[in-house]
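Take a look at the letters that make up each chain.
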Amino acid sequence: MTSVSFNPTAASALSLLSGSSRAFEATQTRVASGRRVEAAADNAAYWSIATTMSADSMSLSSAEDATGLSAATTDTAALGMEAATSIVADIQSKLILAQAVGSNRSAVNAEITQLKEQLGTIARSSGFNGQNWLNLDAGQQPKIRSMVASVSSNGNGDVSVNVIDFDTAKSTLISGQDAQDGLLTQSYSGMTKSGVVYDYHLLDARSAVPVSATSKEIAVSDTTTSAEFDGMIAAMNTMMTNMIDASASLGATRSRISSSTEFLQDLQDITEIGIGRLVDADMEEEAAKLSAQKVQQQLQSIGLNIANNSMGASLKLFV
């Protein structure tokens, strides 16, 4: 009885070829996805950290969108306040001009009336996304508006939203509910340096709660006295001071929101870079590895073919 044993070269070559095919497929997947850690099985620690950081990145992105809306609302209010302040200053100059000898007070008063209407248009138009910090309709009151500034999380994964507050009582120009809530509709009373008592308001918005009956609307006529001019100009001075303060508050809020937006953008970029360092594949390294594995597969295929041919030749001896 004759026994024949064959060299296990073919089986070894086939085993190597199968293993290299799996490695080749894994490398192809990393090149296609750009990730070397795609699932927890690839690297549990890195996958866990990257998943948590990805959730934080999504929160930062949402916060950035929210600050964008806040910035637009604040910018709109600030722009309206600047325009209104300029018009109030113009009205004040008209009051001074009306005192000049030979001035046409009827014409001056007509200009003041037009400027008042323009103030109303500006206040009503200074809204964004349903938020108007300069104009209140009947039934509305000034409120503290909270705007998203940033998002943070602690070691336990608890997420907290940090906000910037702005009190619209500082910026309300016209109130259709309570006239005293509006910088342009409230009454300003006091005493001038010359000892004249005054009580004036600039706009009559027909508020549900009007100013006191003793308050007079600022206007000029041929019968307006010097004492009345002094009182109106004094009231306008106080009004201007309040509006300038409101502009300063809006400016400070705009600056804080802008800084928060820039910080959120930088933080999100850094977070994305951090995630990439953990799970992204080195594309140059993976490309080189892919080329090497292609060559390895070709050599193993050649080896398997040689082994098969050798085995075939040996079998012919026994046929």
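This section reports on the structure supplied with the text. (Residues numbered from 1 in each chain as written. Predicted model: local features only at pLDDT ≥ 70, side-chain atom pairs only at ≥ 80, totals over all residues. Heavy atoms only, no water.)

### Remarks on the pairing of strand 8 (residues 197–201)
And step 1. Within strand 8, 4 of the 5 residues are buried, leaving the element largely enclosed by the surrounding structure.
And step 2. Both strand 7 (residues 188–191) and strand 8 contribute to a ladder of 4 bridges, which runs antiparallel. The partner of methionine 191 across the bridge, within strand 8, is valine 197.
And step 3. Count of turn residues in the strand 7/strand 8 antiparallel hairpin: 5 residues, of which glycine 195 carries a positive phi of about 90 degrees.
And step 4. Of the pairings in the sheet, the one linking strand 8 to strand 9 (residues 216–217) comprises 2 bridges and is parallel in character. Paired with histidine 201 across the bridge in strand 9 is glutamate 217. (Buried < 20%, exposed > 50% of the residue type's maximum accessible area, 1.4 Å probe, protein only. Helix = DSSP H or I, 4+ residues; strand = E, 2+ residues; numbered from the N terminus. Pairing = 2+ DSSP bridges.)

### Regarding the side chain of serine 207
And step 1. Relative to the elements of secondary structure, serine 207 occurs in the loop between strand 8 and strand 9.
And step 2. Serine 207 sits in the buried class, given a relative accessible area of 11%.
And step 3. A polar atom in the side chain of serine 207 sits 2.5 Å from the backbone oxygen of serine 175.
And step 4. Sequence-distant contacts of serine 207, that is, excluding residues within four places in its chain, are made with Ser175, Gly176, Gln177, Asp178 and Ala179. (Polar contact = N/O pair within 3.5 Å; in protein donor to acceptor, adjacent residues only side chain to side chain. Contact = heavy atoms within 4.5 Å.)

### Some points on the nonpolar core
And step 1. Within the largest apolar cluster, 44 residues are counted, with the highest numbers of intra-cluster contacts made by Val88, Leu119, Leu173, Leu184, Leu202 and Met243.
And step 2. The set of elements that each furnish at least two residues to this core consists of helix 2 (44–97), helix 3 (105–125), strand 4 (144–153), strand 5 (159–167), strand 8 and helix 4 (226–279).
And step 3. Broken down by element, this core gets its largest block of residues, 12 residues, from helix 4.
And step 4. If sequence neighbours within four positions are ignored, methionine 243 has contacts with Met81, Ala84, Thr85, Val88, Leu173, Leu183 and Leu184. (Core = buried A, V, L, I, M, F, W, Y, C linked by side-chain atoms within 4.5 Å.)

### With respect to the environment of glutamate 217
And step 1. Relative to the helices and strands, glutamate 217 is located in strand 9.
And step 2. Residue classification places glutamate 217 among the partly exposed positions, given a relative accessible area of 36%.
And step 3. Sequence separation between glutamate 217 and tyrosine 200 is 17 residues; the distance between their C-alpha atoms is 5.7 Å.
And step 4. A polar contact is formed between the side chain of glutamate 217 and the side chain of lysine 116, at a distance of 3.0 Å.

### Observations regarding the packing of aromatic side chains
And step 1. The final tally for this structure, using the stated rule, is 1 aromatic pair.
And step 2. Taken together, a centroid distance of 5.0 Å and an interplanar angle of 15 degrees make the contact between tryptophan 133 and phenylalanine 166 stacked. Of this pair, tryptophan 133 sits in the loop between strand 2 (131–132) and strand 3 (135–136) while phenylalanine 166 sits in strand 5, and the two are 33 residues apart along the sequence.
And step 3. Among the residues examined, tryptophan 133 registers a relative accessible area of 3% and is labelled buried. (Phe/Tyr/Trp six-rings, centres within 6.5 Å; stacked < 30°, edge-to-face > 60°.)

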